[in-house]
Amino acid sequence: VSGVETDRAGRPVIVLTEPIAETGLEVLSGAGRVHVVGSTDLAALAPALAGADALVVRSSPVTAELLDLAPHLRVVGRHGAGLDNIDLAAARRRGIAVVNTPGANAASVAEFVILAALALARRLVPARAAFGSGSLSAQGSLPAAVVRSGLSGGMLHGRTLGLVGLGAIGTRVAAYARGLGMQVVACDPAVTRGPEGVRLGDLAMVLGASDVLSLHVPLVPATSHLIDASAIEQMRAGALLVNTARGGVVDEDAVLAALDSRQLGGYAVDVYDPEPPPADLPVLNHPAVLATPHMAAMTSDALAEMARSVASGVVDVLAGRTPPHLVPDPTEESR
Ligand code: 3PG
């Protein structure tokens with residue numbers, strides 16, 4: 001406690017639940033005393049929170065209970081785009097600013113979406129497993145065995161990509177998909193003029209037109225289970241679904257049922273509800289699912305940019321400046 005009191009009299013105390021890239025830590029160290037707790041557990045965080053002026057988190061929860069442990073907190077920095085892990089209303093009530101890093105990982109996630117879509121379309125996961133199962137070892141040529149084993153896929157070229165959400169990530173995915181020769185359709189209530197070559201419509205149009213559907217919306221009440229059984233029914237039979245947004249945006253039971261009935265041809269999922277998911281979560285073990293551990297943004301490039309961005313946003317707030325990615329207070333916006 002005495003250490004905390006000393007810090008309170010001097011430089012701001014910046015607490016991080018978990019490490020971030022060096023580039024961000026350097027920016028933070030220039031503005032205050034940095035303390036990386038190395039845990040997302042409330043009890044482990046409590047002593048550091050007692051003296052914290054700023055808190056930087058990744059995707060772990062920032063609840064009202066956590067904020068109550070941090071009486072001096074002025075800013076929460078979210079390393080990443082999504083804000084669903086932060087109780088924004090509680091932060092607002094306390095007058096705590098929230099900053100995030102929209103766009104910082106857009107290229108990294110967009111590349112991953114194309115990777116995932118291609119992996120599903122080309123049956124990469126069952127193809128890799130086929131060596132182990134012995135199904136390719138019969139007489140004849142290997143390419144013929146691929147066809148015989150049902151491992152031949154389809155191209156993305158000439159097919160239609162549907163984007164639910166056309167923010168920084170969706171816009172990048174659209175550009176990359178166009179480079180592959182895909183048609184792109186998208187829906188986003190906040191976008192009235194899309195990028196060149198992207199046909200805008202409502203969700204029903206996008207669902208009905210897509211061979212590959214990729215989700216790029218935040219998890220908010222309006223998007224919770226947006227992709228449910230009735231949405232999936234509106235999709236083309238055998239369409240592929242890619243979810244790098246949030247686990248809660250899809251009704252996972254409906255997705256699994258649609259994979260079993262072949263209404264969906266494959267599901268690539270990088271996000272779960274909750275995270276980390278239990279090892280026996282059915283979606284992790286379904287043969288038509290490419291499941292990855294929230295890694296779309298986990299490139300050295302995006303990690304450096306998210307760290308730099310969140311650090312500079314936090315430092316701006318501590319210095320009394322308005323950061324570029326201050327999360328808006330909806331009550332003020334509606335005034
Ligand atoms: C992190 O770096 O902690 C997150 O994975 C990135 O978060 P996002 O999924 O909200 O962009």
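Each chain carries its own residue numbering, running from 1 in the written order of its sequence. Local features in a predicted model are, by the rule used here, given only for residues with pLDDT of at least 70; side-chain atom pairs are given and counted only at 80 or more, and totals for whole chains, interfaces and linings are based on all residues. Water and hydrogen atoms play no part in the side-chain values, which are based on all heavy atoms of the structure.

Considerations on the side chain of Asp 53
Here comes step 1: The secondary structure listing takes helices from DSSP runs of H or I that are at least 4 residues long and strands from runs of E that are at least 2 residues long, numbered from the N terminus. Its location among the elements puts Asp 53 in the loop between helix 3 (42–49) and strand 3 (54–57).
Here comes step 2: Under this definition, polar contacts are N or O atom pairs within 3.5 Å; protein pairs additionally need one hydrogen-donor-capable and one acceptor-capable atom, and for neighbouring residues in sequence, both atoms have to be side-chain atoms. A distance of 2.8 Å separates a polar atom in the side chain of Asp 53 from the backbone nitrogen of Val 13.

As for the nonpolar core
Here comes step 1: In this structure, Leu 161, Leu 163, Val 173, Val 184, Val 212 and Val 242 are the most contacted members of the largest nonpolar core, which totals 33 residues.
Here comes step 2: When neighbours within four sequence positions are excluded, Leu 163 is seen to be in contact with Gly 170, Val 173, Ala 174, Val 184, Val 185, Ala 186, Cys 187, Val 206, Ser 214 and His 216.
Here comes step 3: Among the buried residues, those of types Ala, Val, Leu, Ile, Met, Phe, Trp, Tyr and Cys that are joined through side-chain atoms within 4.5 Å form a nonpolar core. Here the term buried applies to any residue with accessible area under 20% of the maximum for its type, exposed to any over 50%, and partly exposed to those in between, with areas from a 1.4 Å probe on protein chains only. Counting 31 residues, the second largest nonpolar core, distinct from the first, contains Leu 213, Leu 215, Met 235 and Val 269. By the convention used here, residues are in contact when the closest approach between their heavy atoms is within 4.5 Å.

Examining the sheet that holds strand 4 (residues 75–78)
Here comes step 1: The pairing criterion is simple: DSSP has to find at least two bridges between the two strands. One open sheet accounts for 5 strands, arranged 2-1-3-4-5; its pairing is parallel. Of all the strands in the sheet, the pair left with one neighbour each is strand 2 (33–36) and strand 5 (97–99). Taking each pair of neighbouring strands and ignoring which way they run, the sheet shows an average axis angle of 20°.
Here comes step 2: Inspection of the sheet shows strand 1 (residues 13–16) paired to strand 2 by 4 bridges, in the parallel sense. Counterpart to Ile 14 in the pairing with strand 2 is Val 34.
Here comes step 3: Every angle, taken between N-to-C directions, lies between 0 and 180 degrees, and every axis is a line fitted to C-alpha atoms, over only the stretch in contact when it is a helix. Sitting on the sheet, helix 13 (residues 300–318) is in contact with strand 1, strand 3, strand 4 and strand 5, with an inclination near 170° to strand 4.

Looking at the packing of helix 6 (residues 106–121) against helix 9 (residues 168–179)
Here comes step 1: Taken N-terminus to C-terminus, the directions of helix 6 and helix 9 make an angle of 50°; their axes are 8 Å apart at the nearest point. By the criterion of interaxial angle, the relationship of helix 6 to helix 9 is oblique. Taken as a pair, helix 6 and helix 9 cross one another with a handedness that is right-handed. Of the residues in helix 9, those touching helix 6 at Ala 106, Ala 107, Val 109, Ala 110, Glu 111, Val 113 and Ile 114 are Ala 168, Ile 169, Arg 172, Val 173, Tyr 176 and Ala 177. Throughout this description, any angle smaller than 35 degrees is read as roughly parallel, any larger than 145 degrees as roughly antiparallel, any in the 65 to 115 degree range as roughly perpendicular, and the remainder as oblique. Here a crossing is taken to be left-handed if its near helix is turned anticlockwise relative to the far helix by less than a right angle, and right-handed if that turn runs clockwise.

What about the pattern of salt bridges?
Here comes step 1: Each salt bridge in this description consists of a side-chain nitrogen of Lys or Arg and a carboxyl oxygen of Asp or Glu lying within 4 Å of one another. Counted under the stated rule, the structure contains 4 salt bridges.
Here comes step 2: With its nearest N and O atoms 2.8 Å apart, the salt bridge here joins Arg 308 to Glu 305. Residue Arg 308 and its partner Glu 305 are located together in helix 13, separated by 3 residues, close to a single helical turn.
Here comes step 3: With a relative accessible area of 31%, Glu 305 lands in the partly exposed category.
Here comes step 4: Measuring nitrogen to oxygen at the nearest pair gives 2.9 Å for the salt bridge that ties Arg 321 to Asp 316.

Quick look at the site of the ligand
Here comes step 1: Around the ligand, the surrounding shell consists of Arg 58, Ser 59, Arg 78, His 79, Gly 80, Ala 81, Gly 82, Asn 105, Arg 246, His 294, Met 298 and Met 306.
Here comes step 2: Side-chain polar atom of Asn 105 to an oxygen atom of the ligand: 2.8 Å apart, as the coordinates give it.
Here comes step 3: Interatomic distance of 2.8 Å between a side-chain N/O atom of His 294 and an oxygen atom of the ligand.
Here comes step 4: Reported accessibility uses the Shrake-Rupley method at a 1.4 Å probe radius. Residues are deemed covered only where the shown protein chains occlude them. Protein chains shield 92% of the accessible area of the ligand, which is 320 Å² for the free molecule.
Here comes step 5: In this classification, Asp, Glu, Lys and Arg are treated as charged, Ala, Val, Leu, Ile, Met, Phe, Trp, Tyr, Cys and Pro as nonpolar, and every other residue, Gly included, as polar. Tallied by class, the residues present in the shell around the ligand amount to 3 nonpolar, 6 polar and 3 charged. Here a residue is considered near a molecule or strand provided that any single heavy atom belonging to it is located within 4 Å of it.

Side note on the side chain of Asn 100
Here comes step 1: By the secondary structure assignment, Asn 100 is in the loop between strand 5 and helix 6.
Here comes step 2: Here Asn 100 falls in the buried class, since its relative accessible area comes to 9%.
Here comes step 3: Within the structure, Asn 100 has its side chain in polar contact with the backbone oxygen of Ala 81 (distance 3.0 Å).
Here comes step 4: Apart from residues lying up to four places away in sequence, Asn 100 is in contact with Arg 78, Gly 80, Ala 81, Leu 83, Ser 309, His 325 and Val 327.

Some words on helix 12 (residues 252–260)
Here comes step 1: Along helix 12, the residues that are buried comprise Glu 252, Ala 254, Val 255, Leu 256, Ala 258 and Leu 259.
Here comes step 2: Of the surrounding secondary structure, the elements contacted by the buried residues of helix 12 are helix 11 (229–233), strand 10 (239–243), strand 11 (264–269) and strand 12 (289–291).
Here comes step 3: Two or three places before Asp 253, at the opening of helix 12, Asp 251 has a side-chain oxygen 3.1 Å from that residue's backbone nitrogen.
Here comes step 4: Looking one or two residues past helix 12, Arg 262 carries a phi angle of roughly 70°, positive in sign.

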